[in-house]
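Structure at a glance
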Amino acid sequence: MRVLVLGGGIAGVTAAYFMARDGHEVTMVEAQDALGLDATAANAGIIAPGHSFAWASPRAPRMLWRSLLGQETAIRLRLRPDPRLYTWGLRFLRECTAERARRNTLIKLRLCQYSQAVLNEVVQSEGIAYQAVTRGALYVYRDPAELEAGVKKMALLAEHGQKQEVLDNEAVARLEPVFAPVKHKIAGAVRDLGDSSGDARLFAEALARVGQERHGLTVRLGTQVTALESGGDRVRAVLTTRGPLTADVYVLALGVGAPLVARTIGVRLHVYPAKGYSSTFPIKADGRAPTIPGVDEQWLVGWSRLGERLRLTSTAEFAGYDRSWTPRDFNNILRFARDIFPDAADWDRGEYRACLRPMTPDGPPVLGYGRHKNLLFNVGHGHMGWTMACGTGRIVADLLAGRRPELDLDGLTPRSQAGGR
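So, a few notes on the structure that sits alongside this text. Within each chain, residues carry numbers counting from 1 in the order of the written sequence. Whole-chain, interface and lining totals are the exception, using all residues; otherwise, since this is a predicted model, local features are given only for residues with pLDDT of at least 70 and side-chain atom pairs are given and counted only at 80 or more. With hydrogens and water excluded, all non-hydrogen atoms of the structure serve as input to the side-chain values.

Moving on, we get to the environment of Trp65. Counting through the fold element by element, Trp65 comes out in helix H2 (residues 60–68). The spacing of Trp65 and Ala345 is 280 residues in sequence and 35 Å in space, taken between C-alpha atoms. Elements are defined by DSSP. Helices are runs of H or I of four residues or more, strands are runs of E of two residues or more, and each kind is numbered from the N terminus.

How two helices sit against one another is set out by the angle between their axes and by the gap between those axes. Axis separation between helix H1 (residues 10–21) and helix H7 (residues 200–215) bottoms out at 9 Å; the angle between their running directions is 25 degrees. Put simply, H1 runs roughly parallel to H7. Handedness of the crossing formed by H1 with H7: left-handed. For the pair formed by H1 and H7, the contact residues are Ile10, Val13, Thr14, Tyr17, Ala20 and Arg21 on the first element and Ala200, Phe203, Ala204, Leu207, Ala208, Val210, Gly211 and His215 on the second. Residues are grouped as follows: Ala, Val, Leu, Ile, Met, Phe, Trp, Tyr, Cys and Pro are nonpolar; Asp, Glu, Lys and Arg are charged; every other residue, Gly included, is polar. Tallied by class, residues from the contact of H1 with H7 come to 10 nonpolar, 3 polar and 1 charged. Note on definitions: angles span 0 to 180 degrees between N-to-C directions of axes, and those axes are lines fitted to C-alpha atoms, for helices only across the stretch in contact. In this scheme, roughly parallel covers angles under 35 degrees and roughly antiparallel covers those over 145, while 65 to 115 is roughly perpendicular and the rest are oblique. In a left-handed crossing the near helix is turned counterclockwise from the far helix by less than a right angle, and in a right-handed crossing that turn is clockwise. Contacts between residues were defined by any pair of non-hydrogen atoms, one from each residue, lying within 4.5 Å.

Turning our attention to the side chain of Asp296. Tracing the sequence through the fold places Asp296 in strand E14 (residues 294–296). You can call Asp296 buried: its relative accessible area is 1%. Ignoring any residue separated from it by four or fewer positions in sequence, one finds Asp296 in contact with Val140, Arg142, Val301, Trp303 and Phe336. Burial classes follow relative accessibility: with a 1.4 Å probe on protein chains only, a residue under 20% of its type's maximum area counts as buried, one over 50% as exposed, and anything between as partly exposed.

Before going further, it helps to spend a moment on the sheet that holds strand E2 (residues 25–29). Within a sheet, each strand pairs with its neighbour through backbone hydrogen bonds, oriented either parallel or antiparallel. Judged by pairing direction, the sheet is mixed, and its 6 strands sit side by side in the order E9-E2-E1-E12-E19-E18 without closing on themselves. Single-partner strands in this sheet number two, and they are strand E9 (218–220) and strand E18 (366–369). Across this sheet, the average inter-strand angle for adjacent strands is 15 degrees, counted without regard to direction. Where strand E12 (residues 249–252) and strand E19 (residues 375–379) come together, 3 bridges link them in parallel fashion. Note on E19: the bridge partner recorded for Val251 is Leu376. Strands are labelled as partners when DSSP assigns at least two bridges between them.

Given a helix with a known number of residues, its expected span is that number minus one, times 1.5 Å. Taking 1.5 Å per residue, 17 residues should reach 24 Å; helix H10 (residues 385–401) reaches 23 Å between its end C-alpha atoms and fits that length. Note on bend: the value at a residue is the angle between axes fitted to the seven residues ending there and to the seven starting there. Taken as a whole, H10 carries its principal kink of about 30 degrees at Gly391. The buried fraction of H10 is high, at 15 of 17 residues. Looking at the residues trailing H10, positive phi occurs at Gly402, about 80 degrees.

If you check H7, its first and last C-alpha atoms are 21 Å apart, about what 16 residues at 1.5 Å a residue would give, namely 22 Å. Buried within H7 we find Ala200, Phe203, Ala204, Ala206, Leu207, Ala208, Val210 and Gly211. Packed against the buried residues of H7 are H1, E2, helix H4 (98–126) and H10. Polar contact is defined as a pair of N or O atoms within 3.5 Å, subject to the rule that within protein one atom must be able to donate a hydrogen and the other to accept it, and that residues adjacent in sequence are counted only when both atoms are side-chain atoms. For H7, the side-chain oxygen to backbone nitrogen distance between the N-cap and Arg201 is 3.0 Å, and the N-cap itself is Asp199. At the C-terminal side of H7, Gly216 shows a positive phi close to 75 degrees.

With that settled, consider the packing of aromatic side chains. Any pair of Phe, Tyr and Trp rings, taking the six-membered ring for Trp, is counted once the centres come within 6.5 Å. Such a pair is stacked with planes under 30 degrees apart, edge-to-face with planes over 60 apart, and tilted for the rest. Enumeration over the complete set of coordinates arrives at 20 aromatic pairs. Seen from their ring centres, Trp325 and Phe330 are 5.3 Å apart, and the 85 degrees between their planes marks the pair as edge-to-face. Looking at Trp325, the relative accessible area reads 37%, which means it is partly exposed. Overall, Phe330 belongs to the buried group, its relative accessible area being 1%.

Pasting the structure below:
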C-alpha cells in the first residue's frame with residue numbers, strides 16, 4: 001500500500017522503517033529541514049524500562065499544587081486560558097490513584113520492555129551506531145530513607161522482569177568512579193541492569209537512511225502538515241504547506257502537533273504538551289564525567305553521556321505550546337551538575353533548549369486505528385519516546401499488515417482517546 005507517515009521524530013521514523021521493510025510504498029513527511037530535531041533531539045538519552053512509572057500518581061497533585069505556590073518541583077503547572085489544559089488535567093487527576101498508577105505503570109513497562117527487545121534486534125540486523133552505553137542505569141537517592149522507599153517502589157518493576165541491584169554509596173563509587181569524591185552526598189542507588197542510553201537523533205537519522213537505501217523509504221522535509229480531509233470513515237488527503245498529499249493509509253505521528261491536526265477531521269486526542277528542559281555540555285578533556293546514565297531521584301535530573309557531550313534534562317511543565325525558556329528554568333540542572341559532577345564538563349558552554357513532549361493523561365501512548373479505517377495513531381509517548389519508539393513502530397506496522405502484534409494491546413489501543421468516542 002501507499003503509506004504517508006506524518007512526522008519525522010523518533011516515533012515517525014521507526015514506524016516508517018518497519019512499514020517500508022514490509023514492502024509498502026512509504027513516504028515520511030516532516031516540517032523541519034532534518035529528522036528528529038524536536039523532542040527526539042532533546043531527550044535525556046536514557047532507554048529506561050527501569051523507570052517507566054506513570055506520572056499520574058498519588059503524589060502528583062501535591063507537586064502540581066506546590067508548583068502553583070512558586071516552589072521548585074519536577075512537575076509544574078502554569079495556569080492559562082486554554083480549555084484543553086483543564087480537560088486534559090481533569091483526566092490526569094482521575095488517573096492519580098494508587099490502583100490506576102500501578103495499572104498504567106505496568107502497561108508502560110510491558111511496552112518499554114518489548115520496545116527495547118525490538119531496538120536491539122534492529123541495531124544488530126542493520127548495524128546502527130548511536131553512541132550506545134549498555135551498562136544499565138543508576139537511580140540515585142540522597143538519604144537512607146529515600147533509598148529504602150525507592151527500593152520498595154522499584155520492586156514493582158523487578159516483580160515484572162526488570163533486573164535490579166541495590167547499591168550503597170561505596171558500591172556506586174566503585175561502579176562509577178565519578179561519584180567517589182561526592183559519595184558522602186548520596187545514600188546509594190538502584191541500578192537497573194537492563195537500561196541503557198544513546199543518541200536518539202543519531203539513531204533516527206541512521207534508521208531513516210537504512211529505510212531509504214534498503215527499503216525504498218521516501219523522506220519529504222520542509223513540509224508541514226496543516227490538516228486532514230476525510231469523507232465518511234476514511235481519510236482522503238493530508239493538506240501541507242506544499243500542497244495536498246494522498247495515500248492509501250495515513251499514520252499520525254506528529255507528537256504534540258497530532259491533536260491539532262486530528263481535530264481538523266473531528267477526532268479528539270487527549271494528548272497535551274509537557275515542556276521539558278534539556279541542556280548539553282562539552283565534556284572536559286580531563287574531566288571526571290559519568291559513563292553510566294542515571295536519574296537523581298531528589299531533583300529528577302536525568303543524565304547520559306553522548307560521545308564527548310553530557311546531556312542533562314529535567315522538569316515537566318504544563319504550559320501549553322510555549323517553547324520559551326529563561327536561564328532560571330535550568331537552575332536545578334546546573335545546581336545538580338555542579339554539586340555531583342563538578343569537574344565533568346564545561347558548565348559555562350551549555351546548549352539549552354525546551355522541548356514539548358506529547359503526554360496522555362494516563363501515560364501509555366495511543367496506538368492503532370480509530371474511527372477512520374485508514375488512519376493509524378502512533379502518538380502520546382511522553383517522556384518515554386526514545387524507549388518506546390521501536391516497539392510502537394513495530395506494532396503499528398503489524399496492524400497495517402494485518403498481523404497480530406506480538407504485544408498484547410490492552411491499554412494501548414485508541415480507546416476513548418481517538419475517534420471522538
